[in-house]
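# Structural description and commentary
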Amino acid sequence: MDRIDKVLSKQGLGSRKDVKKLLRSGVVLVNGEVCVNADHHVDVDTDIIEVSGRKISVKKDLYLMMNKRMDTVCAAKDGLHDTVFDCLGDEYRHSFLGGDLHLVGRLDIDTEGLLLFTTDGSLTHRLTSPKTHISKTYLVTLKDPVSEVEQTAYSDALRTGLEIPPEGDEGGFLSLPAELEWLSDTLCSLVIYEGKYHQVKRMFAALGNKVTALRRTAMGKLGLDQSLLPGAYRELTEDELGLL
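Everything in this summary refers to the structure shown in the same document. No experiment lies behind these values; they were computed from the predicted model shown. (Residues numbered from 1 in each chain as written. Predicted model: local features only at pLDDT ≥ 70, side-chain atom pairs only at ≥ 80, totals over all residues. Heavy atoms only, no water.)

## Quick notes on the sheet that holds strand β2 (residues 28–30)
Taken in spatial order, the four strands of this open sheet run β3-β2-β5-β6, and their pairing is antiparallel. One side of each edge strand has no neighbouring strand; the edge strands of this open sheet are β3 (33–34) and β6 (54–55). Pairing geometry for β2 and β3, over two bridges, is antiparallel. Residue L29 lies in a different strand from β3, and its bridge partner there is V34. (Pairing = 2+ DSSP bridges. Helix = DSSP H or I, 4+ residues; strand = E, 2+ residues; numbered from the N terminus.)

## Quick look at the pattern of salt bridges
Using the criterion set out here, one finds 10 salt bridges in the structure. Three or more residues joined by partner-sharing salt bridges are found here, namely R3, D5 and R16. (Salt bridge = Lys/Arg side-chain N within 4 Å of Asp/Glu carboxyl O.)

## Overview of helix α5 (residues 199–206)
Owing to its 3.6 residues per turn, the α-helix brings residues three or four apart onto one side. Looking only at α5, the buried set comprises Q199, V200, R202, M203 and F204. G208 occupies a position one or two residues after α5 and carries a positive phi of about 90°. (Buried < 20%, exposed > 50% of the residue type's maximum accessible area, 1.4 Å probe, protein only.)

## Digging into the environment of R234
Note on placement: R234 falls in strand β19 (residues 233–235). For R234, a relative accessible area of 23% translates into the label partly exposed. Through-space distance from the C-alpha of R234 to that of L88 is 9.7 Å; in sequence the pair is 146 residues apart. Setting aside its immediate chain neighbours within four residues, R234 contacts Y63, L64, M65, D225, L228 and E240. Separated by 2.9 Å, the side chains of R234 and D225 make a polar contact. (Contact = heavy atoms within 4.5 Å. Polar contact = N/O pair within 3.5 Å; in protein donor to acceptor, adjacent residues only side chain to side chain.)

This is the structure in structure tokens:
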């Protein structure tokens, strides 16, 4: 149960002070009855809340899918570049009952594709914890063409795990087994089960090649909606949420 003033404030109807004025004006109904008390508790899953004749659909937690565009950074603020939060509309620029909207993992500034936002901290922990090994699928474009013989060698090396050298302040590591599917001599689909710093780029660098374009197409069983233009987003459906 949550206080009505908190619920309405988290729905973007103003500050707690603004909502208290709204309640005193008599335009808020709970289950058909006028509610004027700010400390009145409601069950957002069962109670019907109306404001000025409009039913309020209360969402405790929010789940968004974005097709991240290049040249945007995965941060709330950045002095040099647009951020993925800058792409969101005003209706998502406030706190929700479940908390503040945050990113589920990150993508590099030059990486495109599937990016998730949520207020659900438990889901974020499950999807990003190293212990859960949630798969991430990427479409990878390489600089140098790879022959069929080399493709087999790449696939075998990634399947068994690669020694990845340090990069900057990041230490080296042995990558978990990964799956590679070749689509052409410079294009492949890669499935990994961890999320180290610049991991995909470092994996192919260790194989002697360079990634020139990178696009995340899936997290676990959830695939990117291909109809979303770069920078566009939408809320997840119940079926999609079930995939996570």
